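One letter stands for each residue in the lines below.
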Amino acid sequence: DSKLCNMLFMAEAARRWGSGGITANAFSPGLIADPDGFFRNQNRLFGSVFSGISKAVGVAETNDFAGSALAYLAVDPAMDGQTG
């Protein structure tokens, strides 16, 4: 639900303030399978097993990848004036 809310908020912000030169973007870092991150408040065994499986299957992203993607969105000149 939070990803949908993020997208709806971005779309509404772009609609309301886009004509004033304000851009709005939604960002999802991907699946960060880290038992000390998103799963830190869950059962430790569950977090470790989920992390191992998602990395083995190849669907997990690293903290570095997610951070660099967010930095790109925030400061890269290619994103100037882009909404989405």
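As a reminder, the structure under discussion sits directly above these lines.
In this report, we go over the structure that sits alongside the text. (Residues numbered from 1 in each chain as written. Predicted model: local features only at pLDDT ≥ 70, side-chain atom pairs only at ≥ 80, totals over all residues. Heavy atoms only, no water.)

### Focus: the overall build of the chain
Moving on, step 1. Secondary structure summary: the chain contains 3 helices and 0 strands in total.
Moving on, step 2. In sequence order, the chain lays out its α and β elements as α-α-α.
Moving on, step 3. On C-alpha atoms alone, the chain measures out to a radius of gyration of 16 Å, which is more than a quarter above the 12 Å that the 2.2 N^0.38 rule sets for 84 residues.
Moving on, step 4. Its C-alpha atoms put the chain at 50 × 25 × 20 Å along the principal axes.
Moving on, step 5. For the chain, with 84 residues in total, the buried portion stands at 17%.
Moving on, step 6. Considering only residue pairs separated by 6 or more positions, the chain has 57% of its internal contacts joining residues 24 or more positions apart.
Moving on, step 7. Taken as a whole, the chain presents about 6200 Å² of accessible surface, with 60% of it coming from carbon and sulfur. (Helix = DSSP H or I, 4+ residues; strand = E, 2+ residues; numbered from the N terminus. Rg over C-alpha atoms; globule rule 2.2 N^0.38 Å. Buried < 20%, exposed > 50% of the residue type's maximum accessible area, 1.4 Å probe, protein only. Contact = heavy atoms within 4.5 Å. Areas by Shrake-Rupley, 256 points an atom, 1.4 Å probe, with all protein chains shown as cover.)

### Here we look at the side chain of Ser51
Moving on, step 1. Position of Ser51 relative to the elements: it lies in helix α2 (residues 44-57).
Moving on, step 2. Taking the relative accessible area as the measure of exposure, Ser51 reaches 6% and is therefore buried.
Moving on, step 3. Excluding residues within four positions of it along the chain, Ser51 makes contact with Ala33, Asp34 and Pro35.

### Quick notes on the pattern of salt bridges
Moving on, step 1. Scanning the entire structure with this criterion turns up 2 salt bridges.
Moving on, step 2. Note that Glu12 is salt-bridged to Arg15, the shortest N-O span being 2.5 Å. In this pair, Glu12 and Arg15 both sit in helix α1 (residues 2-17), 3 residues apart, roughly one turn of the helix.
Moving on, step 3. Notably, a salt bridge pairs Glu12 with Arg16, separated by 2.7 Å at the nearest N-O pair. Of the two residues, Glu12 and Arg16 both sit in helix α1, 4 residues apart, roughly one turn of that helix.
Moving on, step 4. On the basis of relative accessible area, Glu12 is assigned to the partly exposed category, the value being 28%.
Moving on, step 5. Through salt bridges with shared partners, a single ionic network connects Glu12, Arg15 and Arg16. (Salt bridge = Lys/Arg side-chain N within 4 Å of Asp/Glu carboxyl O.)

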